[in-house]
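Spelled out from the first residue to the last, the chains are:
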Amino acid sequence: MSTLLANFSLEPLTAILLIPAGSAVLLALLPGYWLAARCNVLATLLTLAAALLLLVERPQAGTYLFVDDLNVVFIVLSAFVGFTTSVFSASYIGHEVAINRLTPRHLRFYHAMYQVLMFAMNLGLTANNIGLMWVAVELATLTTVLMVGIYRTHEALEAAWKYFILGSVGIALALFGTILVYMAARPVIGEGHDAMVWTALIEKAESLSPELLNVAFVFLMLGYGTKVGLAPLHAWLPDAHAEGPTPISAVLSGLLLNVALYALLRFKMLIAANPHAVAPGPLMVTLGLVSLVFAGFMLYRRRDIKRMFAYSSIEHMGIITFAFGMGGPLANFAGLLHMTMHSLTKSAIFFAVGHVAQVKGTQRMSEIRGLTESHPVLGWGLVAGVVAIAGFPPLGIFMSEFLIVSSTFAREPLLAVVLVFGLLVASGALMLRVHEIAFGAATGGTAEVEASYVPLFSHLALVLAAGIFLPAPLVAWFQTVARLLG
Amino acid sequence: MERNFLDIAHMLAGGLVLTSFMLLYQDRMYGLLNVFALHAVVLSASVAWQAYIQGAPHLYVTAAIALVLKAIVIPVALHRVVARLGIHRTIETVVGIGPTMLAGMGLVALSMVVMLKATATADPLAREDLAFALSVVLLGLMMMVTRRNAVSQVVGFMSMENGLILAATGAKGMPLVVEISVAFSVLVAFVVIGVFLFRIRERFDSVDSQTLDDFRGERR
């Protein structure tokens, strides 16, 4: 055991994969949800520790796994949100068992799947082989399909089925794109594994066949774009968020969308490094803006609280894709910052929404009123989260949105007008709805919230801190990554 | 000799496209499953031929997986599901057979134009194989869109995966990892679907996914 631990401390890269994989097996065998929930928290905490070690010492790039400045941002973020979500999940699950919505057998499955999902996401983020990356994204998709359908209600099954079908189509298109990239690389790099290694591909990017890369990028964009939730490929996202357990909604929005985006960014870098291939930017900018404006308007018609925040995720993924599509150091920096802030804020909102739905016994917004009256801490927490996600100062999202808008105004004023319009439409809808939910005479359940507020408020505190003051080392680090992205 | 090798490879890949068209006009459940089994047999032959001409023995494994799993196990299992649920009669389509076939031809033409142009420099074996593979993928995609029934959507999805395997084997020397994982993912997918089919039956007494649409959260 001690040699095993010593091995772990030496190799944080293996640890972030082995800890979730091992815990998945353990949690599948462990009866009793109380203990399993604690073990789940412990496993994600260890993963977080290993991920933080990656910041200090970085292993040599291998043919299957590697860590560089770009993916370490994603790994740390995903380990952190994975950890706080597991803390939230422990209290959430207790209530679901108490009202008999989930049985202990379901929970064993749930906890094991949670760790499999963490494993798949870490594998996708650290993969240096584009085939392996695809396998990891597929595994993450299948895991979340099973989690979304866990309640076995009409709506949950519909959501899981829709997610499965659309996710598989997206993943299939992405595989076709991956095969085309291999075809482009084969004459240059040679047959076999080497032609699928990302670090080898980016080195030889100029000499790859530009025509094949163009076609490949269309497939990769549509394929991984489906998983990012870009309109018009987003149809699975609101259902999957609304019908699954809330911790899964938090992980989906906060992490899984980022993993798909990361895959997209890797291929964007590859295509951009080839001077003869089509510029990947305009396609990303277009899909990003369409998602933003579309989701902004759709927000007004939502009646289900989780569905509303799912549309808000589509909106923000649109903004992030737009920023990375614009490219350049400033827009990339803003995109990275926005992605981080969105992950933290959106998962915090889902933590709050999960407790709200439990105490009120409903997800319908028309039946939730006066939350700040009946549950002051929870209500104000939700209000703070929504104010943050709507992009008001002084919170972190305001800053990243401001950077995106100002850098766009300097380069493409017309696009910036559309961007600002979309942002205003979306924040208007969010403020309108949160006003109805949070203020006025209280309705619905008034039961006490038996939950820890630590995950919710620690996320909000981070978002506030980032809005007021970003530490210089963090800025320098993000700037390095932004330059890397081109 | 080389010339014949290519011709046979193209004939088999073209046969797969043809079988995809046959899937499109099936209006009975058992017919659909039988044609899907044929689809898998053609794929298996095509992959085996690629294994032979590329001198890549590991591709025989992929061919065997396609033959055993997709041509025998899955169709038989789906036959049973269909028989047990009593849904063997006609399949409801969203768009009529005629327009679907026309759209299918359009898709094949599109993929030929796109792929042959993009792969002008690649070797002729991979070139046409990729074009055929893309046709099969697009036809499978269209089948998923134009059918309402859950079982035919699954068949559409699997025919799409067949197209991907054709593309992966056509790409000479593509690492085995990916091929196995593709086959494996189909297996996993099937398990998932199996679970869902039975659950859906429990809840709705139908496997028509139209029924599911009525439960959209917005209309509550």
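Reading guide: rules and limits
Residues numbered from 1 in each chain as written. Chains lettered and ligands numbered in written order. Predicted model: local features only at pLDDT ≥ 70, side-chain atom pairs only at ≥ 80, totals over all residues. Helix = DSSP H or I, 4+ residues; strand = E, 2+ residues; numbered from the N terminus. Rg over C-alpha atoms; globule rule 2.2 N^0.38 Å. Buried ≥ 20, exposed ≤ 12 C-beta atoms within 10 Å, placed from the backbone. Contact = placed C-beta atoms within 7 Å. Expected span 1.5 Å × (residues − 1). Axes fitted to C-alpha atoms, helices over the stretch in contact; angles between N-to-C directions. Parallel < 35°, antiparallel > 145°, perpendicular 65-115°, else oblique. Nonpolar A, V, L, I, M, F, W, Y, C, P; charged D, E, K, R; others polar. Bend = angle between axes of the 7 residues up to and from the residue. pLDDT = per-residue confidence, 0-100.

## Re the overall build of chain A
Point 1. The helix and strand inventory of chain A stands at 20 helices and zero strands.
Point 2. A compact globule built from 486 residues should have a C-alpha radius of gyration of about 23 Å, and chain A, at 21 Å, falls within 12% of that.
Point 3. With the principal axes as the frame, chain A shows a C-alpha extent of 65 × 60 × 45 Å.

## What about the overall build of chain B?
Point 1. Along the backbone of chain B there are eight helices and zero strands.
Point 2. Each helix and strand of chain B, placed in order from N terminus to C terminus, yields the pattern α-α-α-α-α-α-α-α.
Point 3. Burial analysis of chain B (220 residues in total) assigns 45% to the buried set.
Point 4. Partitioning the contacts of chain B with sequence separation of at least 6, the portion at a separation of at least 24 is 71%.

## Description of unusual backbone geometry
Residue and element names in this part refer to chain A.
Point 1. Across the junction of Ala231 and Pro232, the peptide omega takes the value 5°, indicating a cis bond.
Point 2. Structurally, Pro232 is set in the loop between helix 9 (210-228) and helix 10 (236-243).
Point 3. Of note, the bond from Pro393 into Pro394 is cis; its omega dihedral lies within 30 degrees of zero at 5°.
Point 4. For Asn100, which is not glycine, the phi torsion reads 65° and is therefore positive.
Point 5. Tracing the sequence through the fold places Asn100 in the loop between helix 4 (69-98) and helix 5 (104-126).
Point 6. When the 7 C-beta atoms within 10 Å are taken as the criterion, Asn100 is described as exposed.

## Some words on helix 12 (residues 281-298) of chain A
Residue and element names in this part refer to chain A.
Point 1. With 18 residues, helix 12 should cover 26 Å at 1.5 Å per step; its first-to-last C-alpha distance of 26 Å lies within 8% of that length.
Point 2. Taken together, the buried positions of helix 12 are occupied by Met284, Val285, Leu287, Gly288, Leu289, Ser291, Leu292, Val293, Ala295, Gly296 and Met298.
Point 3. Where helix 12 is buried, its residues meet helix 9, helix 11 (246-272), helix 13 (305-326) and helix 18 (413-438).

## What about the packing of helix 2 (residues 29-54) of chain B against helix 6 (residues 150-170) of chain B?
Relative orientation and spacing of two packed helices are given, respectively, by the angle between their axes and the distance between those axes.
Residue and element names in this part refer to chain B.
Point 1. The N-to-C vectors of helix 2 and helix 6 enclose an angle of 10°; their axes lie 10 Å apart at closest approach. Taken together, helix 2 and helix 6 sit at an angle that is classed as roughly parallel. In this structure, helix 2 uses Met29, Leu32, Phe36, His39, Ala40, Leu43, Ser46, Val47 and Gln50 to contact helix 6, whose residues at the interface are Val151, Ser152, Val155, Met158, Ser159, Asn162, Ile165, Leu166, Thr169 and Gly170.
Point 2. Of the residues in the contact of helix 2 with helix 6, the class split is 11 nonpolar, eight polar and no charged.

## Side note on helix 11 of chain A
Residue and element names in this part refer to chain A.
Point 1. Between the first and last C-alpha of helix 11 there are 38 Å, a value that for 27 residues agrees with the 39 Å anticipated at 1.5 Å per step.
Point 2. The sharpest bend along helix 11 comes to roughly 40°, located at Leu252.
Point 3. Most of helix 11 is tucked away, with 25 of its 27 residues classed as buried.

## A look at the confidence of the model for chain A
Residues and elements named next belong to chain A.
Point 1. For chain A, the average pLDDT comes to 89, and 98% of its residues sit at 70 or higher.
Point 2. Within chain A, helix 13 carries the highest mean pLDDT (95), whereas helix 1 (residues 2-10) carries the lowest (47).
Point 3. In this model, residues 1-9 is a region of pLDDT below 50 whose contacts with residues beyond four sequence positions or in other chains number two contacts.

## Section: the environment of Thr362 of chain A
Point 1. Tracing the chain through its elements places Thr362 of chain A in the loop between helix 14 (329-360) and helix 15 (371-374).
Point 2. For Thr362 of chain A, a count of 16 C-beta atoms within 10 Å puts it in the partly exposed group.

## Concerning the packing of helix 6 (residues 130-148) of chain A against helix 7 (residues 154-189) of chain A
Residues and elements named next belong to chain A.
Point 1. Packing of helix 6 against helix 7 leaves a shortest axis separation of 9 Å and a crossing angle of 175°. Judged by the inter-axis angle, helix 6 sits roughly antiparallel to helix 7. Here Ile130, Gly131, Trp134, Val137, Glu138, Thr141, Val145 and Val148 of helix 6 come into contact with helix 7, specifically with Ala156, Ala159, Ala160, Tyr163, Phe164, Gly167, Ile171, Ala174, Leu175, Thr178 and Val181.
Point 2. Tallied by class, the residues present in the contact of helix 6 with helix 7 amount to 14 nonpolar, four polar and one charged.

## Some remarks on the environment of Leu212 of chain A
Point 1. Within the secondary structure, Leu212 of chain A is located in helix 9.
Point 2. Distance in space between the C-alpha atoms of Leu212 of chain A and Leu27 of chain A is 45 Å, their sequence separation being 185 residues.
Point 3. Other than its neighbours up to four places away in sequence, Leu212 of chain A contacts Leu180, Met183 and Ala184 of chain A together with Ala118 and Thr119 of chain B.

## Structural notes on the environment of Thr63 of chain A
Residues and elements named next belong to chain A.
Point 1. Assignment of secondary structure puts Thr63 in the loop between helix 3 (33-56) and helix 4.
Point 2. Since 14 C-beta atoms lie within 10 Å of it, Thr63 is described here as partly exposed.
Point 3. In sequence terms Thr63 and His193 are 130 residues apart; their C-alpha atoms lie 8.1 Å from each other.
Point 4. Filtering out sequence-adjacent residues up to four positions away, Thr63 remains in contact with Asn128, Asn129, His193 and Val197.

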